[in-house]
Every structure is written in structure tokens, then in C-alpha cells.
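Close look at the chain arrangement
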Amino acid sequence: MNGVFLARKVLLLCASFLIFFFVWQFIAGLLNTFLFPSPVGVFFELISLFSSGEILGHIYSSLYRVLVGLIIGIIGGAVCGYVLGINSFLSSLFNPIVQILRPIPPIAWIPIAILWFGIGDSSSFFIIFIASFFPVFTNVYFGVHSLPTIFEKVAKSLNLSNWQKFWQVVFPFTTPYLLTGIKTAVGFSWMVIIAAEMIASQSGLGYFIDYNRLLLAPTKIMAAMIVIGILGLIFHYSIVFIESKILFWRSVSNE
Amino acid sequence: MNSPCLVVNDVYFTYPSNGVPEKRILSQASFLLSGGEVISIIGENGGGKSTLLNLVAGFIQPNQGEIVVDLKKVSMVFQDIGLLEWKNAFANVELALLSSNYSEQKRKALVEDNLKLLGVLDAKYKLPKELSGGMKQRVAIARALVSNPKVLLLDEPFSALDWKTKRALQKELLKIIKKKKIGVVLVTHDLNEAAFFSDIVFLLEKSKLKKFNLKKKN
């Protein structure tokens, strides 16, 4: 049963990619312009970029920035989410500020980040921190507030200390919320790193894309875009895999 | 007669109004509970039976009157069971001993003894989602008993069980309660259950507790 289900899933995945590339190839053939490269052209460009090593340094730069920014953002968002979620006084004090800052798009922070941190890694870390902090914070905060009253009562009736209640009840209960926040943060991070690198960096996939725009090389731009998509996909499925291991006690969707 | 393990003395309780006219849930509620004794509170749904248990458990405070009980010696079995979904049966029961100073070995022995007592030792590594309703309730009762309470509060713990499972569990629990001399307050809307299980039955009606005379059927 599982084998049949898996085979069906793989087949559907292959079919969806085939349709995508067929439509792309069809439009490229119809337009017949170098500004809209065909998937075959992009595929050979990818091979060339990897074999020459031209894109590897840029991938490394973007990965490094995303990982560092994400780690700081996730830790910051989770800690603030738990503290404000648990402590109603601190929540009343700081949550309004968070709610004012939250709707500001991370990209809007790029100019101020350049002024504060200059061109380079630090401004990218800051932008990714902003992009990942809010989804993690919001999900964790909401998760803590969703704790069923019955679990509150159980913790109290079992005389658990605040610390025990957090580690035994609150943290495990909110783990799905935390992971949802992390998944959203990863998506946002890949979106903003490209924008940030286009403006505030001398390396990275965003810089590579913008540089090749100036050189009128759309095949390289599209090749880099595909690399970004694949990296985002790897990140997403890594988290889904970790989620399935951590959340063994409930069913996890494969979305 | 033993000295009481729970004293409820002239307790009044009204939920905060929030603009809605206040509805008194309890007035002049008084009773004594001794070790090994079972008191049942019967009454309509929403009549304040669970509120009384919440007051005894210390989740909420009375507006007036006093409740004398050692909260560290009170355990509760909830209607919603309240097993933590991410912990197996063993870990759920062990949770009740985390605040104690017992060694890990002692904890393990106590947990296993109680799971065995309730007949669910074989399911100790199972998650709540893998247990039937009756087994979940047995694990919840084991969790309530493992800390050796003096007072056990039962909030309609048998309501989701079929008649046969319910009666079997009630018999076993009654045996344990009498043997360990635990004072029990059972909240139920089932008169038969109250009659079978209790020494004293109170009817909670219009916020007042009235003693109900019943002859035991078992």
C-alpha cells in the first residue's frame, strides 16, 4: 500500500515537472528571443556554471547568510514568543511594539541596514533576522496562547514547577507552531536574501542575478533562479523531515 | 471515624460577571471528607459540580468560606482525561512524580506498580492516540494515584466509557480507594453511578448542596 502510494506520488511529481518544462519550452519557442531562454539552454548553463565553479562561491555566500540570519532570527523569535506568551505583563508591555514592527516588509529595512551595517554580510544577517524573527515569534506566541485549559489544570494538579511545566507541557505542545514558524521563516529568508544581495552585497545569488542583468545574460539569471528554488526546496523538506521525527506523536502533512 | 482530609466550610462562589448579571454557582456549600470515603456530587450539567472540584483543587478561589486541604496531597482525574499526547503512558504517569524527590529507579517502580494496579502495564510504551478510551482513563487514574494522594477528585471520569468498561473500572477503583484510604469526591450526572460508587451523595441544585439518601445497590 505504501509502495503504491509512493510510486503514485513520484509519478505525479515527475508529471508536474514535465508539464512545467513543456509549457516553458513551448513559450520560449513561440517568443524565440534570447531574453526568454529555453529550459534546455538554462539546463546547459547550469552545468557550465557548476563545472566552472562560477556559481559555487555565490551559493556559499547566500547559504552562509541565510543560515546565520535564520539561526539568530529563530532563536530570537522563539525566546521572545515564549517569554511574551507566558508572561502577560511583558506581553502587554512589548506586544504592541512587535505588532507595529511586524507588518513592515523586511525589504523596507534594507536601506536602513546599509546605513547601519554597510555593504556586506552584517546587513544581510540583519535583514534575514527581521524576516525570520516575526513568523517564528507570531507562531510561538499564538501556540502558547492555544495551550488547552486542561493541560494548564493537569500541570497545576501535578504540582509541576514553572520550569517543569514549560519543558514538559508548554514546549512540546508548541513545537508544531514553532516548526510552522520556522518553515515560513525559511521561505521569507530566501525571498529577502536575494533582494538584499542585489542592493547591499558584492557576492551571493542575488548579486549574481543583478550582475548578469547588467551583462544581459538571462540564461545565467534563470539558472541562478532555479538554484534558489532548489535550495529553498531542500531547506523546506529538511524541516519537514525533522518535523516528522520530532512530531512522531501526531501526523505530519507533507506540504 | 478518621480525621477529615478535606473540609469544605460554608463556601460561596460566583464567576466574575463581565457585564452579565451574576449567577451564583455555590452558596453555603459545606461537607467533610474522610480517608476511604466517597462523596458524590450529582446535578444538572452546568450546575456548578465541576466548579466545586476546581475550588477544591485550588484552580479557583472561593468568594467566601474556606476549604481546608493539603493541595500537595490532592489529585484529580479530568473528564477530558488530559493525557499529554507526546508522552507515552509511562511518561504520562511519571509526570506526577517529577516534583517529588524520588530517584529515577524509585519513580520507575512506582509508575509500573500503578500501571499494573490499573491493568495497563502492557501499554506503558503506547502513546495516548494508540490507547482505547477505557485504557486512557485507566492511565489517567494511575497518574492521579501514583503520587499517593489523600484526596482524589473525579470529574465525570467514566462518562465516555461503555457500561461494561465503566462498571469494571469503578469496581477496581473502589477497591483501591478503600485499600489506600483515599478520600474521593466524584462529580457525575449519573445517579446509578453515584449510588454504586459513593458513601454519601449530594445533590447540587440552585447553587446549594443537599444530602441525598440512597441505598447502595451492589
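Residues numbered from 1 in each chain as written. Chains lettered and ligands numbered in written order. Predicted model: local features only at pLDDT ≥ 70, side-chain atom pairs only at ≥ 80, totals over all residues.

This brings us to the nonpolar core. If you look at the biggest cluster of nonpolar residues, it comprises 116 residues, and the most contacted ones within it are Ile127(A), Val56(B), Val93(B), Ala142(B) and Leu153(B). Those residues in contact with Val56(B), other than ones at most four positions away along the chain, are Leu6(B), Val8(B), Ile67(B), Val69(B), Val74(B), Leu153(B) and Val185(B). (Core = buried A, V, L, I, M, F, W, Y, C linked by C-beta atoms within 7 Å. Buried ≥ 20, exposed ≤ 12 C-beta atoms within 10 Å, placed from the backbone. Contact = placed C-beta atoms within 7 Å.)

Counting from both sides, the interface comprises 16 residues of chain B and, opposite them, 16 residues of chain A. Classifying every residue of the side of chain B that touches chain A by side-chain character gives 10 nonpolar, 3 polar and 3 charged. (Nonpolar A, V, L, I, M, F, W, Y, C, P; charged D, E, K, R; others polar.)

With that settled, consider helix H7 (residues 149-157) of chain A. Helical geometry note: an α-helix holds 3.6 residues per turn, so side chains three or four residues apart project in the same direction. Phe151(A), Val154(A), Ala155(A) and Ser157(A) are the residues of H7(A) that are buried. Along its buried surface, H7(A) packs onto helix H8 (162-200) of chain A together with helix H1 (49-57) and strand E5 (74-77) of chain B. After H7(A) finishes, the residue Asn159(A) shows a positive phi value of roughly 55 degrees. (Helix = DSSP H or I, 4+ residues; strand = E, 2+ residues; numbered from the N terminus.)

Residue and element names in this part refer to chain A. Their axes nearest at 6 Å, the elements helix H3 (residues 56-86) and helix H6 (residues 121-145) cross at an angle of 30 degrees. In terms of crossing hand, the pair formed by H3 and H6 is right-handed. Split into classes, the residues belonging to the contact of H3 with H6 amount to 21 nonpolar, 9 polar and 2 charged. (Axes fitted to C-alpha atoms, helices over the stretch in contact; angles between N-to-C directions. Left-handed = near helix turned anticlockwise from the far one by under 90°.)

Let's shift gears to the confidence of the model for chain A. Here chain A shows a mean pLDDT of 91. Residues at 70 or above account for 98%. Mean pLDDT values over the elements of chain A span from 89, in helix H1 (residues 2-31) of chain A, up to 96, in H3(A). (pLDDT = per-residue confidence, 0-100.)

Residues and elements named next belong to chain B. One non-glycine residue, Ile81, lies in the positive phi region at around 65 degrees. Mapping Ile81 onto the fold places it in the loop between E5 and helix H2 (89-94). One non-glycine residue with positive phi stands out, namely Asn148, at about 60 degrees. Mapped onto the fold, Asn148 is located in the loop between helix H4 (133-145) and strand E6 (151-155). Residue class for Asn148 comes out partly exposed when judged on the 14 C-beta atoms lying within 10 Å of it.

As a general point, the strands of a sheet are linked pairwise by backbone hydrogen bonds and lie either parallel or antiparallel. All names here are of chain B. Taking strand neighbours across the sheet as the criterion, the 3 strands line up as E2-E1-E4 in an open arrangement whose pairing is antiparallel. Where the open sheet ends on each side, the last strands, each with one partner, are strand E2 (24-34) and strand E4 (64-68). With direction set aside, neighbouring strand axes in the sheet form an average angle of 15 degrees. Bridge analysis of strand E1 (residues 4-14) against E2 gives 7 bridges, and the strand direction is antiparallel. What sits directly across from Val7, in E2, is Leu32. Along the sheet, H1 contacts E1, E2 and E4; its crossing angle with E1, the most-contacted strand, is approximately 120 degrees. (Pairing = 2+ DSSP bridges.)

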